[in-house]
Amino acid sequence: MRFRFGLLVFIVLFYLVSMPQHYQASVDDKDIALIYVTSNQQVDEDVQILREMLNAYTDVDVIPVENIKEDTLAGYKRIVILNAYKMHIPFQALQAMNNFHGPAVAIGENIEQISSFSHWQKGKKVELRKIGEHELQSPIEWTVMTPPNDAEVIQMASSFNEDFPFIVKEKNSNWSYIGKVIQTSPLVYDWPSIFGDLLKISSPNIHPAFIVLSDINVETDVLKLKEVVEQLKQLNVPINLQISPLYEVDGAIYYLQDNKALLKYLQQLQQEGVAFILSSSQANIEKSLDYLVLQKIYPTLILNDSAFFSGVLRQQENHFYITERDLQTIYPYTIAAINDVNVYPLYSTQQSIRNINKAPGSTIGIQYPSYLGAHHVQELVELLNKQVQLEWLDFRKTEQFVQTSNVSIMQSANGEQKIQLSFTKLDRLKKMFDERPFEVVLWLLVIIVSLFVIVFFMNTLRLRITLRKRLFEERKSNG
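First, a word on what this report is: a plain description of the structure on this page. (Residues numbered from 1 in each chain as written. Predicted model: local features only at pLDDT ≥ 70, side-chain atom pairs only at ≥ 80, totals over all residues. Heavy atoms only, no water.)

Below, the discussion takes up the side chain of His207. Within the element layout of this structure, His207 appears in strand 10 (residues 207–216). A distance of 3.2 Å separates the side chain of His207 from the side chain of Asn357, its partner in a polar contact. (Helix = DSSP H or I, 4+ residues; strand = E, 2+ residues; numbered from the N terminus. Polar contact = N/O pair within 3.5 Å; in protein donor to acceptor, adjacent residues only side chain to side chain.)

Structure (structure tokens):
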């Protein structure tokens, strides 16, 4: 009962901490109000990406424009207005924006309604093909907004044969304008610095970083894996292992236990305090987790998504920052996978590192396939240390929570794990049969044969005792 109460308290606290767009800071702590204008008053992907980006600098409150009252912005130092939908801005919201005196950025539609931009000229719709020096992968439709001649143009955009001011700072004003936040590579790497400059925020220099050893399954060469782990230990890089406990080939499922040396080594690493990440298909998440915990391996994060886990690793374009979403902490893979080629396998990785380094405070998340062995580990770590200021992230030193019908894993920031399992004996027997049906059948045969032998022995013993007793009585009666 005490455990359940503690678990409930943990979930409530985790929920409160994990919902930044509903969090309201104290007046002294408020920094950026991210005001969004969408068709359904819901946070969309663009709003979410912008929130993640700004949150790397400072505290951000995300507020729909419909919730802005006359005094709502009074406690904030900066505001950003993301206009993804053309609408008439509510009067009270417009008053609050017009009365705001700190650094402010207006993006997209509706800016002519704000007094600082009322003298701008709205022009024709054009197809943009270039922003600054960055060519767009596909044309973007955009309505031209022409600033006065004395405005400071920071970035131009281009169609086929015309140039237009796209990022502009108003003269003698704290207001700036961005035509549209375009989430396309390589422009996407420049946005964090652009917003930092416009909002006058000092940039974070340190990048949280992690390396995950991936592609670990029943076919993994345990000697190669050991080499990689030992190399990372020597370089003082935290060990994070991404494991697929169920490996399917041609319809047949193979388990880690089919590679006994690998399973034993992974159990040893669990005892040493290594972090484990579950990699599984959506259909087999609970089955895979149950299997691992019964092998005394306790994953606390998962690749992709699952409501069972509070920590998720995800491969997402345009997401460079660790963020909170839907009660989960999301850690992004941000660096191109290492290619096993003869010429220079780290070439794509190096290019990705250069790009991600443009985004202040962004996450360096890398998958290192375990089958590569230790050949490129030292070169990779040296490459990172040379180009980026890192702070290694140890997943075993983060607060994580896993909860299913049979498993509860609660991990604290000091690495301590509290494990609660509720498998019945029948559950264990069923799982054992799924994993090792031939072995279970053999044991059943052994047990059945043994029972027959015991019954036969007991029956024989009973008959011998009965016979002796009868002979004794006959001798006694015959004198």
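There is more to say after this.
Turning next to the sheet that holds strand 22 (residues 407–411). Strands sit in the order 21-22-23 across an open sheet of three strands; the sheet is antiparallel. Each end of this open sheet is capped by a strand with a single partner; those strands are strand 21 (400–403) and strand 23 (417–421). Within the sheet, the average angular offset between the axes of one strand and its neighbour, ignoring direction, is 5°. In the sheet, strand 21 pairs with strand 22 via four bridges, with the strands oriented antiparallel. Bridging from a neighbouring strand, Gln400 pairs with Gln411 of strand 22. (Pairing = 2+ DSSP bridges. Axes fitted to C-alpha atoms, helices over the stretch in contact; angles between N-to-C directions.)

With respect to burial, strand 16 (residues 311–315) is a largely interior element, four of its five residues being buried. Here strand 15 (residues 301–303) pairs with strand 16 via two bridges, running parallel. Paired with Ile302 across the bridge in strand 16 is Val312. Pairing of strand 16 with strand 18 (residues 328–333), which is carried by five bridges, proceeds in the parallel orientation. Bridging across to strand 18, Gly311 finds its partner in Thr329. (Buried < 20%, exposed > 50% of the residue type's maximum accessible area, 1.4 Å probe, protein only.)

Another point: unusual backbone geometry. Positive phi, normally seen in glycine, also occurs at Lys200, with a value near 60°. By secondary structure assignment, the location of Lys200 is in the loop between helix 4 (191–198) and strand 10. In this structure, Asp215 is a non-glycine residue whose phi angle is positive, near 60°. Inspection of the secondary structure puts Asp215 in strand 10.

The next subject is the pattern of salt bridges. Summed over all chains, the structure comprises eleven salt bridges. Of the charged contacts, one joins Arg325 and Glu45 as a salt bridge, the two residues approaching to 3.8 Å between their closest N and O atoms. Here Glu45 lies in helix 2 (residues 45–55) and Arg325 lies in strand 17 (residues 323–325), a separation of 280 residues in the sequence. For Arg325, a relative accessible area of 16% translates into the label buried. In this structure Glu45 comes out as partly exposed when scored by relative accessible area, which is 39%. For the salt bridge of Glu141 with Lys125, the shortest nitrogen-to-oxygen distance reads 3.9 Å. (Salt bridge = Lys/Arg side-chain N within 4 Å of Asp/Glu carboxyl O.)

The quantities given are spatial measurements derived from coordinates; they are silent on function.
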